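So you can see what is in the structure, the chains are spelled out below.
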Amino acid sequence: MSTGRIQFAEMDGTFVLKFIGEIRLTLCSALDATIEKIFSSRNFSSIVIDLTESRSIDSTTLGLLAKLSILSRQKVGMLPTLVTTHPDITRLLQSMGFDQVFNIVDTPLPCPECLADLPSQDQSEDVVKAKVLEAHRILMSLNESNREAFHDLVTALERS
């Protein structure tokens, strides 16, 4: 069972996601639903993802964050902001090429009490598998290193 959670708030067109603890596959359906909610909003202006309380982030979650960045650039022409204060998380983001698709900063958010936990989402195994596959394909599209790192996993998921 995941020991992490994702919190969410919207303030004047700025959407904020805060990742707390270990962010794993079990949270991907709620995160994906929230990404869809963000981009269907009429008053969307910016996105901030706060990773200051994250201990680890799995590759499926990283793929969904990359999806969020791609949609943000397509829909409003701007890069989302990632807030990270942990060197390990910052290195992971840079190794995945996120410094090319996000504004990465180290200043924590001013309003943590404004956030509420995302509701859990019960999804079938096939739906979760499709989300995992999509997330990893997106990661692979970011750079050659990711393409090599996730090729075997994507191939295995496509076959199963």
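A brief look at the structure comes next.

Rules used in this analysis
Residues numbered from 1 in each chain as written. Predicted model: local features only at pLDDT ≥ 70, side-chain atom pairs only at ≥ 80, totals over all residues. Heavy atoms only, no water. Buried < 20%, exposed > 50% of the residue type's maximum accessible area, 1.4 Å probe, protein only. Helix = DSSP H or I, 4+ residues; strand = E, 2+ residues; numbered from the N terminus. Arc of directions from axis to C-beta. Pairing = 2+ DSSP bridges. Phe/Tyr/Trp six-rings, centres within 6.5 Å; stacked < 30°, edge-to-face > 60°. Contact = heavy atoms within 4.5 Å. Core = buried A, V, L, I, M, F, W, Y, C linked by side-chain atoms within 4.5 Å. Domains from an automatic or database assignment. Polar contact = N/O pair within 3.5 Å; in protein donor to acceptor, adjacent residues only side chain to side chain.

Here we come to helix 3 (residues 87–95). Those residues of helix 3 that sit buried are I89, T90 and L93. Looking down the long axis of helix 3, one finds its buried residues gathered within 100° of arc, a one-sided arrangement. Pointing more than 90 degrees away from the buried face of helix 3 are the exposed residues P87 and D88. Just past helix 3, the residue G97 takes up positive phi, approximately 85°.

A few words on the pairing of strand 1 (residues 5–11). Sheet topology note: the strand 1/strand 2 (residues 14–23) ladder contains 7 bridges and is antiparallel. Across the sheet, the residue bridging to E10 is F15, located in strand 2. Linking two consecutive strands that pair antiparallel, namely strand 1 and strand 2, is a turn of 2 residues; a positive phi of about 55° is found at D12 within it. Two strands pair when backbone bridges link them, and strand 1 and strand 6 (residues 116–117) are joined in this way by 2 bridges, in the antiparallel orientation. The residue bridging F8 from the neighbouring strand is A116, located in strand 6.

On to the packing of aromatic side chains. Applying the stated criterion across every chain, the model contains 2 aromatic pairs. Ring centres 5.1 Å apart and planes at 25° place the aromatic pair F98 and F102 in the stacked group. For the pair formed by F98 and F102, the shared burial category is buried.

Turning our eyes to something else, we now look at the environment of P108. In this structure, P108 sits in the loop between strand 5 (103–105) and strand 6. P108 has contacts with T52 and V83, leaving out every residue within four places of it along the chain.

What follows deals with the nonpolar core. Buried together is how nonpolar side chains tend to be arranged in soluble globular proteins. In this structure, L17, F19, I49 and F98 are the most contacted members of the largest nonpolar core, which totals 42 residues. Sorting the residues of this core by element identifies strand 1, strand 2, helix 1 (28–40), strand 3 (46–57), helix 2 (59–76), helix 3, helix 4 (125–142) and helix 5 (144–159) as the ones contributing at least two each. Composition of this core by domain shows at least three residues from each of domain 1 (5–109) and domain 2 (125–159). Setting aside its immediate chain neighbours within four residues, F98 contacts L62, L65, A66, L82, L93, I104, L139 and L142. Residues A9, V16, V48 and V83 belong to the second largest nonpolar core, which totals 5 residues.

Tracing the chain through its elements places E10 in strand 1. The sequence separation of E10 and C114 amounts to 104 residues, and the corresponding C-alpha distance is 8.6 Å. Every residue in contact with E10, bar those within four places of it in the chain, is listed here: F15 and N43. A polar contact of 2.7 Å, which involves the side chain of E10, links it to the backbone nitrogen of G13.

Purely spatial values, then, with no claim about function.
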